[in-house]
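Chain by chain, the residues run as shown.
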Amino acid sequence: MRRLTREEKFMRAAIKVAQRGLREGEVPIGAVVVYGEKVISRGYNRRAKLQLASAHAEMMAIDKACKKFGSWRLPEGCELYVTLEPCPMCMGASLNARVDKLYFGAYEQKGRSLTAELADANLLNHKTEVVGGVLQEECAALLSGFFIAMRQKQKAEKERAKAEAEAANPPMENLEEKES
Ligand SMILES: [Zn+2]
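All values derive from a computational prediction rather than experimental measurement.

Helix and strand counts for the protein chain stand at seven helices and five strands. Secondary structure of the protein chain in N-to-C order comes out as α-β-β-α-α-β-α-β-α-β-α-α. For 180 residues, the compact-globule estimate of 2.2 N^0.38 gives 16 Å, and the protein chain exceeds it by more than 25% at 22 Å. On the principal axes, the C-alpha backbone points of the protein chain span a range of 90 × 40 × 30 Å. Across the 180 residues of the protein chain, 34% fall into the buried class. For the protein chain, the share of sequence-separated contacts (at least 6 apart) that also reach a separation of at least 24 residues comes to 59%.

All right, on to unusual backbone geometry then. Positive phi outside glycine occurs at E37, with the angle close to 65 degrees. Along the chain, E37 falls in the loop between strand 1 (30–35) and strand 2 (38–44). For E37, a count of 10 C-beta atoms within 10 Å gives the class exposed. Its identity as a non-glycine residue notwithstanding, N125 has a phi of 60 degrees, on the positive side. Along the polypeptide, N125 turns up in the loop between helix 5 (115–120) and strand 5 (129–131).

Next up on the list: the sheet that holds strand 3 (residues 79–84). A sheet is described by the order of its strands in space; here five strands give the open sequence 2-1-3-4-5, paired in mixed fashion. The sheet terminates laterally at strand 2 and strand 5, the two strands that pair on one side only. When the angles between neighbouring strand axes are averaged without regard to direction, this sheet yields 20 degrees. Inspection of the sheet shows strand 1 paired to strand 3 by four bridges, in the antiparallel sense. Within the sheet, the bridge partner assigned to V33 lies in strand 3 and is L80. Strand contacts of helix 3 (residues 57–69): strand 1, strand 2 and strand 3, with the helix running at about 135 degrees to strand 2, the strand carrying the most contacts.

A separate point is helix 1 (residues 6–23). Between its first and last C-alpha, helix 1 extends 26 Å over 18 residues, near the 26 Å set by a 1.5 Å rise per residue. Turning to helix 1, its buried residues are F10, M11, A14, I15, V17, A18, G21 and L22. Buried residues along helix 1 cover an arc of 165 degrees about the axis, so they all sit on one side. In helix 1, those exposed residues whose orientation departs by more than 90 degrees from the buried face are R6 and R23. Looking at the packing, one finds that the buried side of helix 1 touches strand 1, strand 2, strand 3, strand 4 (101–106) and helix 6 (136–168). One or two positions beyond helix 1, positive phi appears at G25, with a value near 85 degrees.

On to the pairing of strand 1. Regular strands place side chains that alternate from one sheet face to the opposite one. For strand 1, the buried fraction is high: five of the six residues fall into the buried class. The sheet contact formed by strand 1 and strand 2 spans six bridges and is antiparallel. Bridged to V32 within strand 2 is R42. Adjacent in sequence and paired antiparallel, strand 1 and strand 2 are bridged by two residues, among which G36 carries a positive phi angle near 60 degrees.

Analysis parameters
Residues numbered from 1 in each chain as written. Predicted model: local features only at pLDDT ≥ 70, side-chain atom pairs only at ≥ 80, totals over all residues. Helix = DSSP H or I, 4+ residues; strand = E, 2+ residues; numbered from the N terminus. Rg over C-alpha atoms; globule rule 2.2 N^0.38 Å. Buried ≥ 20, exposed ≤ 12 C-beta atoms within 10 Å, placed from the backbone. Contact = placed C-beta atoms within 7 Å. Pairing = 2+ DSSP bridges. Axes fitted to C-alpha atoms, helices over the stretch in contact; angles between N-to-C directions. Expected span 1.5 Å × (residues − 1). Arc of directions from axis to C-beta.

Nothing here speaks to function; it is geometry throughout.
Next up, the structure:
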């Protein structure tokens, strides 16, 4: 196997955190903040568990990094790695925390993320460089695997509910006494 680049190595760390979310039944999205060539904080999507709209992987990782540095402004050179293209909230948080560089894995489908627009808007007088598609296939496979399994589970549950309903209320024709 070929050696991983440094970007891929850190994306692997984000994937690992996403898998923790997967085990907890969350949509598997993971993020890490890197500073001085070290992972200094991790976060994964916990929206279902916490029932918070803001419980995205990036927000978790950025908040933890800010707490670590005791500052909402992260030091120069902080990088964020996330397995899925960030939503506008998380892109906004990255700009607010002054993340210098953001790497993401899978692309959000249908261009719904506004990542490039927000990165180039010079909001807050800060520019976050964005690089997409790091370990793209691995990151996308993690998500599609989750959604396929979820749909299968939903289908199985639907069929079970239907079978139970039929057992409780057999169709009329079966109840009718047949003339012999
Ligand atoms: Zn987000």
